[in-house]
Amino acid sequence: MNPRLGIGRKRLAYYWRRILRVRATPHEVALGCAAGVFAACTPFLGFQMALAGALAFLLRVSIPAALIGTFVGNPLSWPAIWSASYIAGVWVLGYDRAYAAEHFAQSANALGATLMAGTPKELGTAVVNLSPIVEPMVVGGLLVGLIAAVFSYYPTRRAVRVFQKRHRFL
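What counts, and where the lines are drawn
- Residues numbered from 1 in each chain as written.
- Predicted model: local features only at pLDDT ≥ 70, side-chain atom pairs only at ≥ 80, totals over all residues.
- Heavy atoms only, no water.
- Phe/Tyr/Trp six-rings, centres within 6.5 Å; stacked < 30°, edge-to-face > 60°.
- Helix = DSSP H or I, 4+ residues; strand = E, 2+ residues; numbered from the N terminus.
- Buried < 20%, exposed > 50% of the residue type's maximum accessible area, 1.4 Å probe, protein only.
- Patch = residues over 30% accessible without salt bridge, like charges linked within 9 Å, V, L, I, M, F, W, Y side chains within 5 Å.
- Areas by Shrake-Rupley, 256 points an atom, 1.4 Å probe, with all protein chains shown as cover.
- Salt bridge = Lys/Arg side-chain N within 4 Å of Asp/Glu carboxyl O.
- Contact = heavy atoms within 4.5 Å.

1. Remarks on the packing of aromatic side chains
Step number 1: Enumeration over the complete set of coordinates arrives at two aromatic pairs.
Step number 2: Relative to Trp82, the ring of Trp78 lies with its centre 5.6 Å away and its plane at 0°, an arrangement referred to as stacked. In this pair, Trp78 and Trp82 are both assigned in helix H5 (residues 78–93), four residues apart and thus about one turn of the helix distant.
Step number 3: A relative accessible area of 25% means that Trp82 is categorised as partly exposed.
Step number 4: Centre to centre, the rings of Tyr153 and Tyr154 are 4.9 Å apart; their planes meet at 85°, and the pair counts as edge-to-face.
Step number 5: Assessed through its relative accessible area of 51%, Tyr154 is described here as exposed.

Printed below as a string of structure tokens:
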């Protein structure tokens, strides 16, 4: 990683160039990147890179591309990913949408209060409030991750193929 890039367009371009330069077939790079995007859409913060690496290893595709693909999940994109995951999970599991939306808002507020207070009692309250959210988040994250992975595979494969043809990588 290059810490001098800051946040924004330059960083995105930097990571995109890193994906393009990975030495593997376009399919291996694109599927590795898709595995990383899939892992980034799961609610398993802190384990997303390990999940992406394990998926890439099992699929026998580019592990570096998978690790770079996890950067889709970042503090700016997490609210959108988690909201979409929760909504998709509620839909798949057939929960009442009105209750789910209200409970999600209450749980988010409880988590915010926990982070501000930091007492063990508040932490216990947050865990109790967040536990019903886990199932829809996991189920929805798998669905959202699968959709995002499919939509990331084809453009990445094409870009890597064009890049490698121009630079005669393989």
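2. As for a nonpolar patch on the surface
Step number 1: Nonpolar side chains collect at one region of the surface, where Phe57, Leu58 and Ile63 lie side by side and expose about 340 Å² of accessible area between them.
Step number 2: The residue Ile63 is located in helix H4 (residues 63–69) in this model.

3. Structural notes on the environment of Ala148
Step number 1: Note on placement: Ala148 falls in helix H7 (residues 120–167).
Step number 2: Taking the relative accessible area as the measure of exposure, Ala148 reaches 23% and is therefore partly exposed.
Step number 3: Apart from residues no more than four positions distant in its own chain, Ala148 is found in contact with Val37 and Cys41.

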